[in-house]
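So the chains spell out like this:
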Amino acid sequence: MTLLSVESSTWTITILGWAIVFVALLFLVGIFLTIPKIIRWASNRKVRVVENGQEVVKDINDISGETNAVIATALHLFLNENHDDESNVITIKQVQRRYSPWSSKLYGMTNYGFPHNVSKQNRYSRR
Amino acid sequence: MKKHITTFITLTFLLCLQVVFGTDIMAAPEAVGAMDGLTTLWNFTGFANIDYFNLIMISVGLFFIFLAVKYDYEPLLLIPIGTGIILGNIPGAEAYGVYAKDYLTSLVASGQLDAGQATPSVLEYLYFGVQQGIYPPLIFLGIGAMTDFSSLISNPKLMILGAAAQIGIFATFLGASALGFTPQEAGAIGIIGGADGPTAIFLSSKLAPHLMGAIAIAAYSYMALVPVIQPPIMRLIIPKKERAIKMKPPRAVSKTEKIMFPLIALLLTTFISPSALPLLGMLFFGNLLKESGVTERLADTARNSLINIITILLGITVGASTQASVFLTTDSLKIFGLGALSFIVATAGGLLFARFLNVFLHKNNKINPLIGAAGVSAVPDSARVVQQEGLKTDPNNHLLMHAMAPNVSGVIGSAVAAGIMLSFLL
């Protein structure tokens, strides 16, 4: 086995093939280094904050992942502590529902008293 | 326990009978009636048709299952493949394996079977998906739907490491050519260096279908052995001081960028390498399903049910394609040797390029060269190995997220490389 005996076309495929893989991924690198800049330019979000009595315009696009994590955690903790306003009335409300045979206990399976779980005496007494 | 021992002894006795007296032990030409029936039955059993090569392959299958169960090496792949190897090497069951058609055709040609009786087997039908390259793109769909490209988008320069590690593919291509394989065979063998099972199967099904079993088994075996192969090379190439480099945390990536990534990457890579369309198209389609946020049901199916079904079918049929008569050849041994070499070269290529890249980077923005090893696209095993090696040097240095970037770019790189090989060699 010697690499020198390999045909020249094999060397061509080797070098060219690897180079094409590199070029393809380098293109992607270039595009994805540019895209955040374009998005930032397009959104161009700015906020006005008051610092030392003066209004200052600040770019809020440059927020690091750590800052985002801190904000998200703070919001999460705040919302967990926050409860809905409740009426503070703890008595049980009487609920009136219209009669429906679908939810009637009268027609439930347990009321028929099958012989295997209801004694004879119980069945008669039910009548 | 006693019952198992009795069964084992009985089976061993039957095997010994065949080994000592040969396959004609019960063949008595003059026998009639019950004896004749028993003779026929005996001739149809695996004991009568046993071959030492079959036993070797069955042992390999059992070894794969052992590795998966005992050491947790890629169990989702090694258990189906190991079982498939056992299924494919049951003696006397050629009519039910993945090569049933060839076997039955030879029986019909020799007059031992009517043409009407030569019906294909279930395994052969399932193997169709491997032969025609259907399963690998579907696996890529699932991979796309489960991969988060955020780390790659947040630090795009790490993508180059995925390209650097593809040197394994092309170095193996060169080595295989030097060993006397045809250019098509060498291309199919070279892709083992991509450390990507579906890509290896896809390319070998197109370029060298007769070597597919050996190539797939080599690719999956070495992928399973990534935790064994990579750490010594990492320690050899990267000095301890550089292994301790801490990288900046990745920036937050917006949803727009996440949606744009699969679309742009799909257009760019398939324009450069159209032959890789089945793989890259499905990979980025799967990722778009995930990132679009409006097709969660489809993404969920792709990354769970679909990929699980295809993994089962792919594993069992690829395993079953390793019949001893086809698999145990000197070519297979060469392929295994080249496969190991390609993994080593790919890992070393990624690591060395990472060190080279550091020369041009600012002092405060250096990358930990260990992540170069994740450029081989064994997702997520090689990234996990990088994390473990990083922790060994500094218990507070977590490299997993950073390593995922070259890892997923390795998947893209190996698919592009497969497309290039197809364009040049098909």
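Along each chain, numbering runs from 1 in the same order as the chain's sequence is written. To label them, take the chains in the order written and letter them from A, then take the ligands in the order written and number them from 1. Whole-chain, interface and lining totals are the exception, using all residues; otherwise, since this is a predicted model, local features are given only for residues with pLDDT of at least 70 and side-chain atom pairs are given and counted only at 80 or more. Only hydrogens and water are removed before side-chain values are computed, so all heavy atoms of the structure are retained for them.

Quick look at the overall build of chain B
Here's step 1: Counting from the N terminus, the helices are DSSP H or I runs at least four residues long and the strands are E runs at least two residues long. Helices and strands together make up the secondary structure of chain B, namely 22 helices and zero strands.
Here's step 2: Whether two residues are in contact is decided by their heavy atoms: any pair within 4.5 Å suffices. Here the analysis covers contacts within chain B between residues at least 6 apart in sequence; of these, 76% occur between residues at least 24 apart.
Here's step 3: For chain B, the exposed surface amounts to about 18700 Å²; the carbon and sulfur share of it is 68%. Each accessible area is a Shrake-Rupley result for a 1.4 Å probe, and residues are judged covered by the shown protein chains and nothing else.

Section: the packing of aromatic side chains
Here's step 1: Aromatic pairs are defined between Phe, Tyr and Trp rings, using the six-membered ring for Trp, whenever the two ring centres lie within 6.5 Å; interplanar angles under 30 degrees are classed as stacked, those over 60 as edge-to-face, and all others as tilted. In this structure the tally under the stated criterion is 15 aromatic pairs over all chains.
Here's step 2: Put simply, the rings of Trp18 and Phe22 of chain A together with Phe353, Phe356 and Phe360 of chain B pair up and form one aromatic cluster.
Here's step 3: Remark: a charge is flagged as sitting over a ring if the NZ atom of Lys or the CZ atom of Arg is within 6 Å of the ring centre and within 35 degrees of the ring normal. Over the aromatic face of Phe181 of chain B sits the side chain of Lys334 of chain B, whose NZ or CZ is 5.7 Å from the ring centroid.

So, helix H3 (residues 52–71) of chain B
Residue and element names in this part refer to chain B.
Here's step 1: With 20 residues, H3 should cover 28 Å at 1.5 Å per step; its first-to-last C-alpha distance of 28 Å lies within 8% of that length.
Here's step 2: Taken residue by residue, H3 has Asn54, Met57, Ile58, Gly61, Phe64, Leu67 and Ala68 as its buried positions.
Here's step 3: Packing partners of the buried residues in H3 comprise helix H4 (75–88), helix H13 (212–224) and helix H19 (324–327).
Here's step 4: One or two positions beyond H3, positive phi appears at Asp72, with a value near 60 degrees. In this analysis, the expected span of each helix is defined as 1.5 Å times one less than the number of residues it contains. Exposure categories follow from relative accessible area, calculated using a 1.4 Å probe and restricted to protein chains: below 20% of the type maximum is buried, above 50% is exposed, and the middle band is partly exposed.

A short note on the side chain of Gln230 of chain B
Residues and elements named next belong to chain B.
Here's step 1: Assignment of secondary structure puts Gln230 in helix H14 (residues 226–237).
Here's step 2: From its side chain, Gln230 meets the backbone oxygen of Ala373 in a polar contact 3.0 Å long.
Here's step 3: Excluding residues within four positions of it along the chain, Gln230 makes contact with Thr347, Ala373, Val376, Ser382 and Val385. The definition of a polar contact used here is a pair of N or O atoms within 3.5 Å, where within protein one atom must be able to donate a hydrogen and the other to accept one, and adjacent residues in sequence count solely through side-chain atom pairs.

Looking at the nonpolar core
Here's step 1: Residue types Ala, Val, Leu, Ile, Met, Phe, Trp, Tyr and Cys, when buried and joined through side-chain atoms within 4.5 Å, form a set referred to as a nonpolar core. Within the largest apolar cluster, 123 residues are counted, with the highest numbers of intra-cluster contacts made by Ile189, Phe261, Ile335, Ile367, Ile371, Val386 and Ile412 of chain B.
Here's step 2: Top element by residues in this core is helix H22 (residues 400–425) of chain B. It accounts for 14 residues.

Details of the interface of chain A and chain B
Here's step 1: If you look at the interface, chain A gives 29 residues, while chain B gives 40 residues.
Here's step 2: Together chain A and chain B conceal approximately 3000 Å² of surface at their shared face, both sides included; 89% is due to carbon and sulfur atoms.
Here's step 3: The interface formed by chain A and chain B holds one residue pair in polar contact (both at pLDDT 80 or more) in total.
Here's step 4: When residues of the side of chain A that touches chain B are traced back to their parent elements, those giving at least two are helix H1 (8–43) and helix H2 (65–81) of chain A.
Here's step 5: At 22 residues, H1 of chain A tops the list of elements feeding residues into the side of chain A that touches chain B.
Here's step 6: The classification used treats Ala, Val, Leu, Ile, Met, Phe, Trp, Tyr, Cys and Pro as nonpolar, Asp, Glu, Lys and Arg as charged, and all other residues, Gly among them, as polar. Among the residues forming the side of chain A that touches chain B, the class breakdown is 22 nonpolar, six polar and one charged. Accessible surface is computed with a 1.4 Å probe, and the buried area is the amount of it that two parts give up when combined, taken over both parts together.

So, the pattern of salt bridges
Residues and elements named next belong to chain B.
Here's step 1: We define a salt bridge as a side-chain nitrogen of Lys or Arg found within 4 Å of a carboxyl oxygen belonging to Asp or Glu. One pass over the structure, following the stated rule, counts seven salt bridges over all chains.
Here's step 2: As a salt-bridge pair, Lys290 and Glu291 come within 3.0 Å of each other at their nearest N and O atoms.
Here's step 3: When the shortest N-O distance is used, the salt bridge between Glu389 and Lys392 registers 3.1 Å. Taken together, the residues span about one helical turn, with Glu389 and Lys392 both in helix H21 (residues 381–393) at a distance of three residues.
Here's step 4: On the accessibility criterion, Lys392 (59% relative accessible area) is exposed.
Here's step 5: Residues participating in the shared-partner salt-bridge network are Arg235, Glu389 and Lys392.

Concerning the side chain of Asn407 of chain B
Here's step 1: Following the sequence through the fold, Asn407 of chain B ends up in helix H22.
Here's step 2: The contacts of Asn407 of chain B, once residues within four sequence positions are left out, are Ala374, Val376, Ser377, Ala378, Val379, Pro380, Ser382 and Ala383 of chain B.

Description of the packing of helix H7 (residues 135–146) of chain B against helix H12 (residues 197–207) of chain B
All names here are of chain B.
Here's step 1: Axes here mean lines fitted to C-alpha atoms, for a helix over just the part in contact, with angles spanning 0 to 180 degrees between N-to-C directions. In the contact formed by H7 and H12, the axes pass within 8 Å of each other and the chain directions differ by 155 degrees. Taken together, the axis directions place H7 and H12 in an arrangement best described as roughly antiparallel. Note that H7 runs across H12; the crossing there is left-handed. Where H7 abuts H12, its residues Pro136, Pro137, Ile139 and Phe140 lie against Pro198, Thr199, Ile201 and Phe202.
Here's step 2: Counted by class, the contact of H7 with H12 contains seven nonpolar, one polar and no charged residues. Oblique is the label for every angle not falling under 35 degrees (roughly parallel), over 145 degrees (roughly antiparallel), or within 65 to 115 degrees (roughly perpendicular). Helix crossings fall into two classes, left-handed where the near helix is turned counterclockwise from the far one by less than a right angle and right-handed where it is turned clockwise.

Looking at the confidence of the model for chain B
Here's step 1: Looking at any residue, its pLDDT shows the predictor's confidence there, from 0 to 100. Across chain B, the average pLDDT comes to 87, with 95% of residues at 70 or higher.
Here's step 2: No element of chain B has a lower mean pLDDT than helix H1 (residues 2–21) of chain B, at 69, and none a higher one than helix H17 (residues 277–292) of chain B, at 94.

What about a nonpolar patch on the surface?
Here's step 1: Patch construction takes residues with relative accessible area above 30% that form no salt bridge. Like charges are linked within 9 Å, and nonpolar side chains (Val, Leu, Ile, Met, Phe, Trp, Tyr) are linked within 5 Å. A surface patch of nonpolar side chains, amounting to about 420 Å² of accessible area, comprises Ile71, Leu75, Phe78 and Leu79 of chain A.
Here's step 2: Secondary-structure assignment places Leu75 of chain A in helix H2.

Digging into the packing of H12 of chain B against H13 of chain B
All names here are of chain B.
Here's step 1: One way to put it is that H12 packs onto H13 with a least axis distance of 9 Å and a crossing angle of 165 degrees. Of the possible angle classes, the one that applies to H12 and H13 is roughly antiparallel. Along this stretch, H12 crosses H13, giving a crossing that reads as right-handed. Residue-level inspection shows Gly197, Pro198, Ala200, Ile201, Ser204 and Ser205 of H12 in contact with H13, the latter providing Met212, Ile215, Ala216, Ala219, Tyr220 and Met223.

Thoughts on the environment of Val29 of chain A
Here's step 1: Within the secondary structure layout, Val29 of chain A lies in helix H1.
Here's step 2: For Val29 of chain A, a relative accessible area of 6% translates into the label buried.
Here's step 3: Sequence-distant contacts of Val29 of chain A, defined by excluding residues within four places in its chain, comprise Pro156, Lys157, Met159 and Ile160 of chain B.

Structural notes on unusual backbone geometry
Trans peptide bonds make up the majority, and among non-glycine residues the majority have a negative phi.
Residues and elements named next belong to chain B.
Here's step 1: The residue after Val379, namely Pro380, is reached through a cis peptide bond having omega -10 degrees.
Here's step 2: Relative to the assigned elements, Pro380 resides in the loop between helix H20 (330–360) and H21.
Here's step 3: A positive phi angle, near 40 degrees, is found at Glu74, a position not held by glycine.
Here's step 4: Within the secondary structure, Glu74 sits in the loop between H3 and H4.
Here's step 5: Assessed through its relative accessible area of 15%, Glu74 is described here as buried.

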